[in-house]
Amino acid sequence: MIPLMNDNYCSIKKELQAAAVELIAVSKTKPVAAIQSLFDLGQRAFGENYVQELVEKQPQLPNDIQWHYIGHLQSNKVKYIAPFVHTIHAVDSLKLLLEVEKQAAKHQRKINCLLQIHVADEATKFGIAENELDNFVNEIVAQNFQFVVIAGLMGMATNTTDEQKINAEFATIKMWFDKLKEKHFNQNNSFSQISMGMSSDYQLAIKNGSTMVRIGSLLFGER
Ligand SMILES: *Cc1c(COP(=O)(O)O)cnc(C)c1O
């Protein structure tokens, strides 16, 4: 990795530490050598969004990496990442959660799951619509999962240069987090994460209460 990238990492890391926000280094499409080099600087949480790519990289890298699966996950692929994945960021169906519970039970390990809320304009983005969220969470809580840990919400803002719009979308995610926390997870410390913010908008996300940002291109260069 070129020194410039290391400088970027160190300055972003400092900025996030000051705000007590966790950094997920999004390494999709990047070689294991680039991941190892950030690992050597102290980074432990890495994000990938293709199952096959993650399954190929994981055994080549240190065991104490915390792998975050940030892409859309199909239920039939959960079994491949269940032995090692730390957090699944983009859960938007009960079917998927039931499968995560089943696979996590096989390995007797807990897996953090974040519920993806849909707030952006683009029809292509996955996630639960705002008007379905409360019912969805009701259904989930009733399952009494033993291995799935509902750890919070994840969301993505519209891909636009309109900062007011991005700001409003992040504020909506935070509003839902507070609402759900109070209504369904009041006694549950695990429901604590708001995963929002990428290279282009992480500062706005932090202003709106993000606890976890997913940054790729600023750390590893353009894909
Ligand atoms: C690729 C990706 C990111 C990182 O995007 P950058 O713009 O490179 O920071 C964050 N979140 C998700 C869900 C992604 O797929």
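Residues numbered from 1 in each chain as written. Predicted model: local features only at pLDDT ≥ 70, side-chain atom pairs only at ≥ 80, totals over all residues. Heavy atoms only, no water.

Novice: What am I meant to see in the site of the ligand here?
Specialist: Looking at the ligand, the residues that line it are Val26, Lys28, Asn49, Ile70, Met154, Met198, Ser199, Arg214, Ile215, Gly216, Ser217 and Arg223. Lys28 is positioned such that a nitrogen or oxygen atom in its side chain is 2.7 Å from an oxygen atom of the ligand. In the environment of the ligand, an oxygen atom lies 3.3 Å from a nitrogen or oxygen atom belonging to the side chain of Asn49. Computed on the free molecule, the ligand has an accessible area of 390 Å², of which 90% lies beneath the protein chains in the complex. In terms of residue class, the shell around the ligand is built from five nonpolar, four polar and three charged. (Near = heavy atom within 4 Å. Polar contact = N/O pair within 3.5 Å; in protein donor to acceptor, adjacent residues only side chain to side chain. Areas by Shrake-Rupley, 256 points an atom, 1.4 Å probe, with all protein chains shown as cover. Nonpolar A, V, L, I, M, F, W, Y, C, P; charged D, E, K, R; others polar.)

Novice: It is not clear to me how the packing of aromatic side chains should be interpreted in this structure. Could you clarify?
Specialist: Centre-to-centre distance and the angle between the planes together describe a pair of aromatic rings. Inspection of the entire model under this criterion finds three aromatic pairs. A ring pair is formed by Phe177 and Phe191, whose centres lie 4.9 Å apart and whose planes are at 10°; its orientation type is stacked. Residue Phe177 is found in helix 7 (residues 163-184), and its partner Phe191 is found in the loop between helix 7 and strand 7 (193-195); the two are separated by 14 residues along the sequence. Considered together, Phe177 and Phe191 belong to a single accessibility category, that of buried residues. A connected cluster of aromatic rings, assembled from ring pairs, spans Phe177, Phe185 and Phe191. Its end group placed over the ring of Phe39, Arg44 keeps NZ or CZ at 3.6 Å from the ring centre. The ring of Trp176 has Lys179 lying over it, and the distance from NZ or CZ to the ring centre is 4.3 Å. (Phe/Tyr/Trp six-rings, centres within 6.5 Å; stacked < 30°, edge-to-face > 60°. Helix = DSSP H or I, 4+ residues; strand = E, 2+ residues; numbered from the N terminus. Buried < 20%, exposed > 50% of the residue type's maximum accessible area, 1.4 Å probe, protein only. Lys NZ or Arg CZ within 6 Å of the ring centre and 35° of its normal.)

Novice: Would you mind going over the packing of helix 6 (residues 130-143) against helix 7 with me for this structure?
Specialist: Each pair of packed helices gets described by two things: the angle between the helix axes and the distance between those axes. Closest axis-to-axis distance for the helix 6/helix 7 pair is 11 Å, and the angle between their directions is 35°. As helix 6 runs across helix 7, the sense of the crossing is right-handed. Where helix 6 abuts helix 7, its residues Glu130, Leu133, Asp134, Val137, Asn138 and Val141 lie against Thr172, Trp176, Leu180, Lys183 and His184. In the contact of helix 6 with helix 7, the residues fall into five nonpolar, three polar and three charged. (Axes fitted to C-alpha atoms, helices over the stretch in contact; angles between N-to-C directions. Left-handed = near helix turned anticlockwise from the far one by under 90°. Contact = heavy atoms within 4.5 Å.)

Novice: Hey, could you run me through the pattern of salt bridges in this one?
Specialist: Side chains that differ in sign of charge can pair as their charged atoms come close. The tally for this structure, following the rule as stated, stands at seven salt bridges. Residue Asp134 pairs with Lys183 through a salt bridge whose shortest N-O separation is 2.7 Å. Of this pair, Asp134 sits in helix 6 while Lys183 sits in helix 7, placing them 49 residues apart in sequence. Judged by its relative accessible area of 54%, Lys183 is exposed. Here Lys165 makes a salt bridge to Glu169, at a shortest N to O gap of 3.3 Å. Of the two residues, Lys165 and Glu169 both sit in helix 7, four residues apart, roughly one turn of that helix. Judged by its relative accessible area of 6%, Glu169 falls in the buried class. (Salt bridge = Lys/Arg side-chain N within 4 Å of Asp/Glu carboxyl O.)

Novice: Explain unusual backbone geometry here, please?
Specialist: Note on backbone geometry: most residues besides glycine have negative phi, and most peptide bonds are trans. In this structure, Ala20 takes a positive phi of about 55° despite not being glycine. By secondary structure assignment, the location of Ala20 is in the loop between helix 1 (3-18) and strand 1 (22-26). With relative accessibility at 66%, the residue Ala20 sits in the exposed group. For Gln108, which is not glycine, the phi torsion reads 50° and is therefore positive. The residue Gln108 is located in the loop between helix 5 (94-106) and strand 5 (111-117) in this model.

Novice: Is there a simple way to explain the packing of helix 5 against helix 6 in this structure?
Specialist: Where helix 5 meets helix 6, the closest approach of the two axes is 11 Å, and the angle between their N-to-C directions is 20°. Between helix 5 and helix 6, the angle falls in the class roughly parallel. Crossing geometry of helix 5 relative to helix 6 is assigned as right-handed. Taken together, the residues of helix 6 that come into contact with helix 5 (itself represented by Leu94, Leu97 and Leu98) are Phe136, Glu139, Ile140 and Gln143. Of the residues belonging to the contact of helix 5 with helix 6, the class tally is five nonpolar, one polar and one charged. (Parallel < 35°, antiparallel > 145°, perpendicular 65-115°, else oblique.)

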